[in-house]
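Structure assessment
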Amino acid sequence: MTYLLFVVGLLGLFFGGEYLVRGASSIARRFGISPLVIGLTIVGFGTSAPEMLVSVNAALAGQPAIAIGNVLGSNIANILLILGVSAVIAPLIIPARRLARDLAFMLVATGMIWVMLLDGMVSRIESGVLLAGLAVFLFMAFSSGSVPQEDDPLETSVAKAALMTVGGLVLLVIGAHFLVESASTIARTFGISEAVIGLTIVAVGTSLPELATSVIAAYRRQTEIAVGNIVGSNIFNLFGILGVTAMIAPIPAEARFAMIDMPWVAATAVGLSVLAVWLGGLPRVAGVALLAAYAGYLALMG
């Protein structure tokens, strides 16, 4: 049964990512919204649903600090692991000029969280600032994301495209849950330690929807959705998830988050921005370098 759930999880991720990319691309064409904006918002926020569920549940259970590790670890994995794998599959074109504002938002959000963590607490007042930042980002993204409308070559109706998008998100969340649970059980049967399981399977588990979506988008040459998905997800993780979680319950932060994890979060965000401006994208060699950096991160954390 465990192996069956593992296969079901993989299938859920594959078909969920496929439907989400196809549905979101169709919506973008129908409503004259650029694929980049769709990736930054609908896809990026939607694939962060597992992180939101984990963080809110932790806050309601009186363990809000879990939200910090969940978000920071996810942001690191999003850039180093997911963009790394996606770039190895297909070199990613990053439209630096059009993405400059969004990369700036990601950098600002990263800086704000780092400052908030320095005093050991993310308060409700600070959560309001984070949510306000998310609202500003959404307003600016949609107000400047219009492109000429295009006919859908597959003649997909708006209702069908919306259903594909929502259905894809649901399949991604379910697939990620099954895969994490079954993989953790399988790992234990082979004597793999809980620490290694936590650093790999569980840490990456909530980022599986982003991984599936960006990989499939890269394979289908929808590079704007692949990149926008990650940038949007990172922005939503910092502004949205930590904002909502701290509003439910102020988040106490251990010193290690500001001293150890945030430098990695900041370095990956700055590194992606530099590569976007310098190279205009991520060639395969950059993808390999990102994966090597993630392996180094896991080794240090272990």
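For the structure itself, consult the block above.
The structure reproduced in this document is the subject of the present report.

Cut-off values and rules
Residues numbered from 1 in each chain as written. Predicted model: local features only at pLDDT ≥ 70, side-chain atom pairs only at ≥ 80, totals over all residues. Heavy atoms only, no water. Helix = DSSP H or I, 4+ residues; strand = E, 2+ residues; numbered from the N terminus. Buried < 20%, exposed > 50% of the residue type's maximum accessible area, 1.4 Å probe, protein only. Polar contact = N/O pair within 3.5 Å; in protein donor to acceptor, adjacent residues only side chain to side chain. Core = buried A, V, L, I, M, F, W, Y, C linked by side-chain atoms within 4.5 Å. Contact = heavy atoms within 4.5 Å. Salt bridge = Lys/Arg side-chain N within 4 Å of Asp/Glu carboxyl O. Expected span 1.5 Å × (residues − 1). Arc of directions from axis to C-beta. Axes fitted to C-alpha atoms, helices over the stretch in contact; angles between N-to-C directions. Parallel < 35°, antiparallel > 145°, perpendicular 65-115°, else oblique. Nonpolar A, V, L, I, M, F, W, Y, C, P; charged D, E, K, R; others polar.

**So, the environment of Asp119**
Within the fold, Asp119 resides in the loop between α5 (96-118) and β2 (121-122). We classify Asp119 as exposed; its relative accessible area is 55%. C-alpha separation for the pair Asp119 and Gly168, spaced 49 residues apart in sequence, amounts to 40 Å. Polar contacts involving the side chain of Asp119 include one to the main-chain amide nitrogen of Met121, which spans 3.1 Å.

**Focus on the nonpolar core**
Ranked by internal contacts, the top residues of the largest apolar core, which has 83 residues, are Leu117, Leu272 and Leu282. Residues in contact with Leu272, not counting those within four places in the same chain, are Ile79, Leu83, Ile94, Leu103, Met106, Val231 and Leu282.

**Section: the pattern of salt bridges**
Two side chains with opposite charge may pair up if their charged atoms get near one another. Taken as a whole and judged by the stated rule, the model has two salt bridges. Arg101 serves as the salt-bridge partner of Asp102, at 3.2 Å between the closest nitrogen and oxygen. Its salt-bridge partner being Asp261, residue Arg256 comes within 2.9 Å of it at the nearest N-O pair. Relative accessible area serves as the criterion here: at 5%, Asp261 is assigned to the buried category.

**Comments concerning helix α12 (residues 284-301)**
Between the first and last C-alpha of α12 there are 26 Å, a value that for 18 residues agrees with the 26 Å anticipated at 1.5 Å per step. The set of residues buried in α12 consists of Ala286, Gly287, Leu290, Tyr294 and Tyr297. Down the axis, α12 shows its buried residues gathered within 105 degrees of arc, on one side only. Counted as exposed and oriented over 90 degrees from the buried face of α12: Val285, Val288, Ala299 and Leu300.

**Brief notes about the packing of α5 against helix α11 (residues 255-278)**
Contact geometry of α5 with α11 gives a least axis separation of 10 Å together with a crossing angle of 170 degrees. By the angle between their axes, α5 is roughly antiparallel relative to α11. A per-class count over the contact of α5 with α11 returns 20 nonpolar, two polar and no charged.

**Points about unusual backbone geometry**
Positive phi, close to 65 degrees, is recorded for Arg221, a residue that is not glycine. Of note, Arg221 is situated in the loop between α9 (208-219) and α10 (223-248).

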